[in-house]
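# Notes for the structure review
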Amino acid sequence: MKEVLKRHVFVTVGCTDPVAIALAASRAYREVPGRVRSVTVTMDRNIYKDAFSVGIPGVLESGMDLAVALGILYGEPEKGLRLLERVEPSHLGPAREFLKECLIRFKVAEDVKGIYVLAEVETDAGSARALLRHAHDGLVEVTRNDERVFSLPEEAGPGGDGLLEEIGSLTLEEMACLVAEAPLEGLLFLKEGVKMNREAARAGESSPLGLGLGRRLAELRESGLLCDDIENDVRQRVAAAADARMSGLNIPIYGIFGSGNHGITFFLTVGTVAEHLGSTDEELVRALALGLLVVGFIKSNTGILTPHCGCSVAAGAGAAAAIVRLYGGTVSEMEAAVHLLLADITGMLCDGAKFGCSLKMATSSGVAFQSALLAMKGAAVPEKNGLVGRTLAETMRNLRVITDPGMAGVDRAVLEILTGGEDQGDC
């Protein structure tokens with residue numbers, strides 16, 4: 001179990017989608033350094049949608065072309081998803097000059113499954129390509145002048161190890177048993193997720209970044225217009241960390257299952273509740289481990305990137321189950337909590353990574369806490385009430401139908417809105 005969890009938690013600086021674009025471009029450029037003539041990036045619809053509007057770390061500005069420029073000029077691809085951690089505002093000028101001289105094209109890859117980012121860079125020294133698959137840092141191939149210099153079979157690379165499928169075969173009771181029996185020392189690393197993401201929340205609370213939602217929620221609590229309780233504390237911290245990250249503040253985030261925002265929602269929701277309860281380190285990390293298995297179970301059915309908001313359907317659901325464990329609840333209450341959350345906010349769309357993510361993440365964290373408490377009071381959604389089935393496995397089958405084919409056109413529609421109806425084949 002430790003290996004499963006370690007594979008699907010990670011540290012990133014900046015939103016993973018523009019960072020993935022920067023990573024692919026930076027890695028390709030490393031093969032043919034020189035004066036850049038053109039860059040073409042082809043990506044799946046979810047990456048395109050999520051990279052379109054979000055802030056770039058270090059410069060507090062957005063733009064996929066800017067991500068490419070910063071990746072090529074200042075990126076350190078050997079650092080993976082932290083390749084832009086040294087970017088600073090003074091780099092904006094050179095990046096803008098680069099963009100005046102370099103032709104950059106963006107395309108949508110049709111009919112691909114999972115994460116796909118292909119960067120093609122042409123310079124006066126030649127041409128190179130770098131391909132990412134199934135994970136935002138999942139480098140599987142690099143070519144220089146059409147000769148392969150690095151290759152990793154997809155089945156041996158990120159997403160090809162069968163770990164998600166392994167999680168997807170478990171029942172919730174089996175997950176609970178695995179967590180209860182796992183050696184404690186193998187789980188303690190999960191505390192870092194709470195600590196790191198709490199620092200991001202403090203950064204968001206201290207300045208009006210992004211929507212400034214976290215800071216405003218704090219002001220509403222202080223004024224008495226919102227209750228000063230656990231749920232609003234959870235919502236405030238999650239929103240503040242999202243404000244900081246989505247604006248492009250250069251801060252590290254502990255992410256899960258391909259998403260930093262999932263990590264913010266999950267770790268801060270569970271960690272904040274544990275803090276209020278005075279939970280021990282063991283109680284905290286075992287709850288986190290259980291919740292992560294639930295997130296993985298859901299992702300094994302929906303895929304890593306989805307047309308619905310994964311901070312609600314996946315991270316929120318995992319947090320709800322983890323909170324029930326913190327309160328000493330049963331497996332049946334954990335399942336009830338997950339079902340309550342899914343019945344509540346499954347319809348929340350992912351319309352791209354942006355400032356407004358803080359709103360959805362705050363809502364998801366609050367509903368996760370509420371669902372856990374309701375479940376422990378005996379609340380449960382009967383089967384055949386919408387997507388909720390008799391068991392969690394049956395509900396997941398229904399969720400797969402909703403995700404694809406049910407919401408198959410959502411990403412295309414969102415991109416049409418974001419691009420103003422431009423042809424997304426070559427934007």
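Whatever comes next refers back to the structure up there.
Residues numbered from 1 in each chain as written. Predicted model: local features only at pLDDT ≥ 70, side-chain atom pairs only at ≥ 80, totals over all residues. Heavy atoms only, no water.

The helix and strand inventory of the protein chain stands at 17 helices and ten strands. Expressed along its principal axes, the backbone C-alpha trace of the protein chain runs to roughly 65 × 50 × 45 Å. A buried classification covers 59% of the 427 residues belonging to the protein chain. Considering only contacts within the protein chain whose residues lie at least 6 apart along the sequence, 75% involve residues at least 24 apart. Counting every atom, the protein chain has about 16600 Å² of accessible surface; 50% of that belongs to carbon and sulfur. (Helix = DSSP H or I, 4+ residues; strand = E, 2+ residues; numbered from the N terminus. Buried < 20%, exposed > 50% of the residue type's maximum accessible area, 1.4 Å probe, protein only. Contact = heavy atoms within 4.5 Å. Areas by Shrake-Rupley, 256 points an atom, 1.4 Å probe, with all protein chains shown as cover.)

Right, let's get into the packing of helix α11 (residues 260-277) against helix α12 (residues 281-302). Taken N-terminus to C-terminus, the directions of α11 and α12 make an angle of 150°; their axes are 10 Å apart at the nearest point. When the axis of α11 is compared with that of α12, the two are roughly antiparallel. Two packed elements cross with a definite hand, and for α11 against α12 that hand is right-handed. Contacts from His 262, Phe 266, Phe 267, Val 270, Gly 271 and Ala 274 of α11 reach α12 at Leu 284, Leu 288, Gly 291, Leu 292, Val 295 and Lys 299. For the contact of α11 with α12, the per-class residue count stands at eight nonpolar, three polar and one charged. (Axes fitted to C-alpha atoms, helices over the stretch in contact; angles between N-to-C directions. Parallel < 35°, antiparallel > 145°, perpendicular 65-115°, else oblique. Left-handed = near helix turned anticlockwise from the far one by under 90°. Nonpolar A, V, L, I, M, F, W, Y, C, P; charged D, E, K, R; others polar.)

Judged by nonpolar contacts, the single largest core of 138 residues is most densely connected at Ile 21, Val 39, Val 41, Met 43, Val 68, Val 117 and Phe 266. With residues up to four places along the chain from it excluded, the contact list for Ile 21 reads Val 41, Met 43, Ile 47, Ala 51, Met 64, Val 68 and Val 117. Grouped together as the second largest cluster of nonpolar side chains are five residues, Ala 109, Tyr 116, Leu 131 and Val 140 included. (Core = buried A, V, L, I, M, F, W, Y, C linked by side-chain atoms within 4.5 Å.)

Looking now at a nonpolar patch on the surface. Together, Leu 211, Phe 355 and Leu 359 make up an exposed nonpolar region whose accessible area comes to about 240 Å². With respect to the helices and strands, the residue Leu 359 is situated in helix α15 (residues 357-376). (Patch = residues over 30% accessible without salt bridge, like charges linked within 9 Å, V, L, I, M, F, W, Y side chains within 5 Å. Salt bridge = Lys/Arg side-chain N within 4 Å of Asp/Glu carboxyl O.)

For the rest of this paragraph, the subject is the pairing of strand β5 (residues 103-108). Side chains Ile 104, Phe 106 and Val 108 project from β5 onto a buried face, and the interleaved Leu 103, Arg 105 and Lys 107 project onto a face without burial. As judged from the six bridges shared by strand β2 (residues 36-43) and β5, these two strands associate in the parallel manner. Looking across to β5, one finds that Ser 38 is bridged to Leu 103. (Pairing = 2+ DSSP bridges.)

Mapping Met 376 onto the fold places it in helix α15. Looking at Met 376, the relative accessible area reads 27%, which means it is partly exposed. For the pair Met 376 and Gly 255, spaced 121 residues apart in sequence, the C-alpha separation works out to 28 Å. In this view, Met 376 contacts Val 324, Tyr 327, Gly 328, Gly 329 and Glu 333; residues no more than four positions away in its chain are not counted.

In the structure shown here, the tally under the stated rule is three aromatic pairs. Look at Tyr 254 and Phe 267: their rings are 5.5 Å apart centre to centre, the planes differ by 80°, and that puts the pair in the edge-to-face class. Of the two residues, Tyr 254 sits in strand β10 (residues 252-256) while Phe 267 sits in helix α11, which places them 13 residues apart along the sequence. Ring centres of Phe 266 and Phe 267 lie 5.4 Å apart, and the angle between their planes is 75°; this geometry places the pair in the edge-to-face category. Look at Phe 266 and you get buried, because its relative accessible area is 0%. With a relative accessible area of 0%, Phe 267 lands in the buried category. Through pairs of rings, three or more aromatic residues link up here, namely Tyr 254, Phe 266 and Phe 267. Looking at Lys 6, its charged tip hangs above the ring of Phe 189, at a distance of 4.0 Å from the centre. (Phe/Tyr/Trp six-rings, centres within 6.5 Å; stacked < 30°, edge-to-face > 60°. Lys NZ or Arg CZ within 6 Å of the ring centre and 35° of its normal.)

Turning to the pairing of strand β7 (residues 126-133), a few remarks are in order. Side-chain positions along a regular strand alternate between the two faces of the sheet. Within β7, six of the eight residues are buried, which leaves it mostly tucked inside the rest of the structure. The loop that links strand β6 (residues 116-123) with its antiparallel partner β7 comprises two residues. Here β7 folds back onto strand β8 (residues 139-144) in antiparallel fashion, the turn holding five residues, of which His 134 has a positive phi close to 70°.

What follows concerns the pattern of salt bridges. Applying the stated criterion to the full structure yields 26 salt bridges. Measuring nitrogen to oxygen at the nearest pair gives 2.7 Å for the salt bridge that ties Arg 27 to Glu 31. On the criterion of helical spacing, the pair formed by Arg 27 and Glu 31 is a turn pair, its members being four residues apart in helix α2 (residues 16-31). For Glu 31, a relative accessible area of 17% translates into the label buried. Note that Lys 354 is salt-bridged to Asp 351, the shortest N-O span being 2.8 Å. A single salt-bridge network, built from bridges that share partners, covers Glu 76, Lys 79, Arg 82, Glu 85 and Arg 86.

Turning our eyes to something else, we now look at unusual backbone geometry. The peptide bond linking Asp 404 to Pro 405 adopts the cis configuration, its omega dihedral lying at 25°. Topologically, Pro 405 is positioned in helix α16 (residues 392-406). Positive phi, close to 70°, is recorded for Asp 146, a residue that is not glycine. Here Asp 146 shows up in the loop between β8 and β9 (147-151). Of note, Phe 257 is a non-glycine position whose phi angle comes to about 45°, a positive value. Checked against the element boundaries, Phe 257 lands in the loop between β10 and α11.

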